[in-house]
Amino acid sequence: MIFATEYIKVAAYLGAGICVGVGSITTGIGSGVISAKAVTGLMEQPKANEQVFRTMLIGQAAAQTAGIFALVISMLLIYGVSFDTVGGWYKAAAYLSAGLAMGLGSIGPSLGAGYTGGQACQSVARMPKQGNAIMGNMLIGQALAQTSAIFALVVSFLLMYSVPNQPTEASMGRILFKAVAFIAAGLTIGIGTLGPGNGIGYVAGKSTEMMGKFPNEKSKIMRTMFLGAAVSESTAIYSLVVCFLLIFAIK
Amino acid sequence: MEFSMAQGIVKAASLLSAGVCMGMGALGPALGEGFTAAKAVEGISRSPESASIITRTMLVGQAVSESTGIYSLVIALLLIFAVKI
């Protein structure tokens, strides 16, 4: 079959579109949840205006991280990768998969970080005196929720830059399963980060809420949050391992 | 060793299902564990004196919830390495 450079371009541009399109859905929802909770909080407690506004902005910035990762990946897919014909179907599949990985991979973390930020805004509005402790806990929780987005980013980079060129003597069967393996790697980390991102976001949201209600139990709350988040993260790490195997260990 | 088209399709299907298996298999356990941990945080802050019992129960519950994640990992590894054509 004659392989044209356009095939690689089609895959890369499709990947770029899916990446930033899917990635911006939940980033928008996450930031929206934060501002909605901030507004309802201010309705109850208009005096906490300054602290709530600050928490809202910082929380939204943190919840946008995965969206920015998706933007970077789609920019790189459009301008930063080689469309040389020697890449063959391997590169085409890998570019499409890089977009899928980061696009789907930003869903869970953004929703999780959005829930955390929303609970923090509500909590700060109720207890403006605990504003700094709550915001610190919110940022740690959002960072934990975003770790799985960083896994997706790593896999996207690997798919864009460490996938080998298609060997000239490869048979159709080999080309098919290698290409499918790269697409499966993107799907694995994309779907696999959905649960951890959401789960950790829920833990972090509850702990920011409780830190506002029971400020004396700060250390116990934070310890339990870390423990729970670490256990919840484990499945994201399994997905990452399976991804590496699919990219590098398939002969 | 080179592959025929049919062998390639078999291998491709097993690899794709390995990816989907681990991806979807990671969804449920992580959500469940996150929910457990969130409720544990709530419980500990309401009654800090029973922190140790709550933490123990949380970890046991999470370990049970984790088991399906590990099943998915095992199946994904089998699909990647044990499927012979």
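Please read these numbers as outputs of a predicted model, since none were measured by experiment. (Residues numbered from 1 in each chain as written. Chains lettered and ligands numbered in written order. Predicted model: local features only at pLDDT ≥ 70, side-chain atom pairs only at ≥ 80, totals over all residues. Heavy atoms only, no water.)

Side note on the overall build of chain B
This is how the line gets drawn: Secondary structure follows DSSP: runs of H or I at least 4 residues long count as helices, runs of E at least 2 residues long count as strands, and numbering of each begins at the N terminus. Here the radius of gyration uses the C-alpha set of atoms, whereas the globule reference equals 2.2 Å times the residue count to the power 0.38. Between two residues, a contact is recorded if the distance between any of their heavy atoms is within 4.5 Å. Note on areas: these come from Shrake-Rupley sampling with a 1.4 Å probe, and a residue is covered only by the protein chains present in the view. The positive count covers Lys and Arg only, the negative count covers Asp and Glu only, and His and the chain ends enter neither. For this purpose, a charge sits on NZ of Lys, CZ of Arg, CG of Asp or CD of Glu.
Scanning chain B for helices and strands turns up two helices and zero strands. The C-alpha radius of gyration of chain B comes to 20 Å, more than 25% above the 12 Å expected for a compact globule of 85 residues. Projected onto its principal axes, the C-alpha coordinates of chain B cover approximately 65 × 15 × 15 Å. Here the analysis covers contacts within chain B between residues at least 6 apart in sequence; of these, 77% occur between residues at least 24 apart. Summed over all atoms, the accessible surface of chain B reaches about 4100 Å², with 75% contributed by carbon and sulfur. Averaging the locations of the 5 positively and 5 negatively charged side chains of chain B gives two centres separated by 4 Å.

Topic: the overall build of chain A
In plain terms, the rule: Accessible area is worked out with a 1.4 Å probe on protein chains only. A residue is then buried under 20% of its type maximum, exposed over 50%, and partly exposed in between.
A tally of helices and strands in chain A yields nine helices and zero strands. N-terminal to C-terminal, the α/β element order of chain A is α-α-α-α-α-α-α-α-α. By its C-alpha atoms, chain A is 70 × 30 × 20 Å across when sized along the principal axes. Counting every position in chain A, which comprises 251 residues, the buried fraction comes to 58%. When contacts within chain A are restricted to residue pairs at least 6 apart in sequence, those whose partners lie at least 24 apart make up 90%. Total accessible area computed for chain A in this model is approximately 9400 Å², and 70% of it derives from carbon and sulfur atoms.

As for the environment of Ala36(A)
Take Ala36(A): it is sitting in helix 1 (residues 5-44). Sequence-wise, Ala36(A) and Gln122(A) are 86 residues apart; in three dimensions their C-alpha atoms are separated by 9.5 Å.

A few points about the confidence of the model for chain B
Cut-off, in case you're wondering: pLDDT runs from 0 to 100 and stands for how confident the predictor is about each residue.
Put simply, chain B has an average pLDDT of 90, and 98% of its residues get 70 or more. Scored as a complex, the prediction yields pTM 0.91 and ipTM 0.85.

Here we look at the interface of chain B and chain A
We apply this condition: What gets called buried area is simply the loss in accessible area from a 1.4 Å probe that two parts show on being joined, summed for both. For this document, the term salt bridge refers to a Lys or Arg side-chain nitrogen within 4 Å of an Asp or Glu carboxyl oxygen. Under this definition, polar contacts are N or O atom pairs within 3.5 Å; protein pairs additionally need one hydrogen-donor-capable and one acceptor-capable atom, and for neighbouring residues in sequence, both atoms have to be side-chain atoms.
Opposite the 48 residues of chain B that make contact, chain A presents 45 residues. Both faces combined, the contact of chain B with chain A buries some 3800 Å², and carbon together with sulfur accounts for 78% of it. Connecting chain B to chain A are one salt bridge. Of the charged contacts, one joins Glu42(B) and Lys206(A) as a salt bridge, the two residues approaching to 3.6 Å between their closest N and O atoms. Applying the counting rule to chain B against chain A returns six residue pairs in polar contact (both at pLDDT 80 or more).

What to know about the nonpolar core
As a reminder, the rule being used: The definition of a nonpolar core used throughout is a set of buried Ala, Val, Leu, Ile, Met, Phe, Trp, Tyr and Cys residues joined through side-chain atoms within 4.5 Å.
Core analysis: the biggest nonpolar cluster contains 59 residues, and Met102(A), Val155(A), Leu159(A), Ile189(A), Leu246(A) and Ile80(B) have the highest contact counts within it. Only helix 1, helix 3 (65-79), helix 4 (88-105), helix 6 (131-161), helix 7 (172-192) and helix 9 (218-249) of chain A together with helix 1 (5-46) and helix 2 (51-81) of chain B provide two or more residues apiece to this core. With nine residues, helix 7 of chain A is the largest single contributor of residues to this core. Residues contacting Leu159(A), with those up to four places away along its chain left out, are Ala94(A), Tyr95(A), Ser97(A), Ala98(A), Phe182(A), Gly186(A) and Ile247(A). Membership of the second largest hydrophobic core comes to 14 residues, among which are Ala48(A), Ala125(A), Ile134(A) and Met138(A).

Some thoughts on the packing of helix 8 (residues 194-213) of chain A against helix 9 of chain A
Residues and elements named next belong to chain A. Counted only if it meets this: Orientation is described by axes fitted as lines to C-alpha atoms, over the contacting stretch for helices, and by angles from 0 to 180 degrees between their N-to-C directions. Each angle gets one of four labels, with under 35 degrees taken as roughly parallel, over 145 as roughly antiparallel, 65 to 115 as roughly perpendicular, and the rest as oblique.
Helix 9 packs onto helix 8 with a crossing angle of 175° between their chain directions and a minimal axis gap of 9 Å. By the angle between their axes, helix 8 is roughly antiparallel relative to helix 9. Residues Pro196, Gly199, Ile200, Val203, Ala204, Ser207, Met210 and Met211 of helix 8 form the contact with helix 9, whose participating residues are Lys218, Ile221, Met225, Ala229, Ser232, Glu233, Thr235 and Ala236.

Some remarks on the packing of helix 1 of chain A against helix 3 of chain A
All names here are of chain A. Viewed as axis vectors pointing N to C, helix 1 and helix 3 meet at an angle of 170°, and their least axial separation amounts to 8 Å. In terms of axis orientation, helix 1 runs roughly antiparallel to helix 3. Residues Ala12, Tyr13, Gly15, Ala16, Cys19, Val20, Gly23 and Thr27 of helix 1 lie in contact with helix 3, whose contacting residues are Gly67, Ala70, Leu71, Ile73, Ser74, Leu77 and Ile78.

What about a nonpolar patch on the surface?
Residue and element names in this part refer to chain A. Selection criterion: Surface patches are defined over residues having more than 30% relative accessible area and no salt bridge, joining like charges when they lie within 9 Å and nonpolar side chains (Val, Leu, Ile, Met, Phe, Trp, Tyr) when within 5 Å.
Together, Tyr13, Leu71, Met75, Ile78 and Tyr79 line one region of the surface with nonpolar side chains, adding up to about 530 Å² of accessible area. Here the nonpolar patch gets four residues from one element, more than from any other, and that element is helix 3. Tracing the sequence through the fold places Tyr13 in helix 1.

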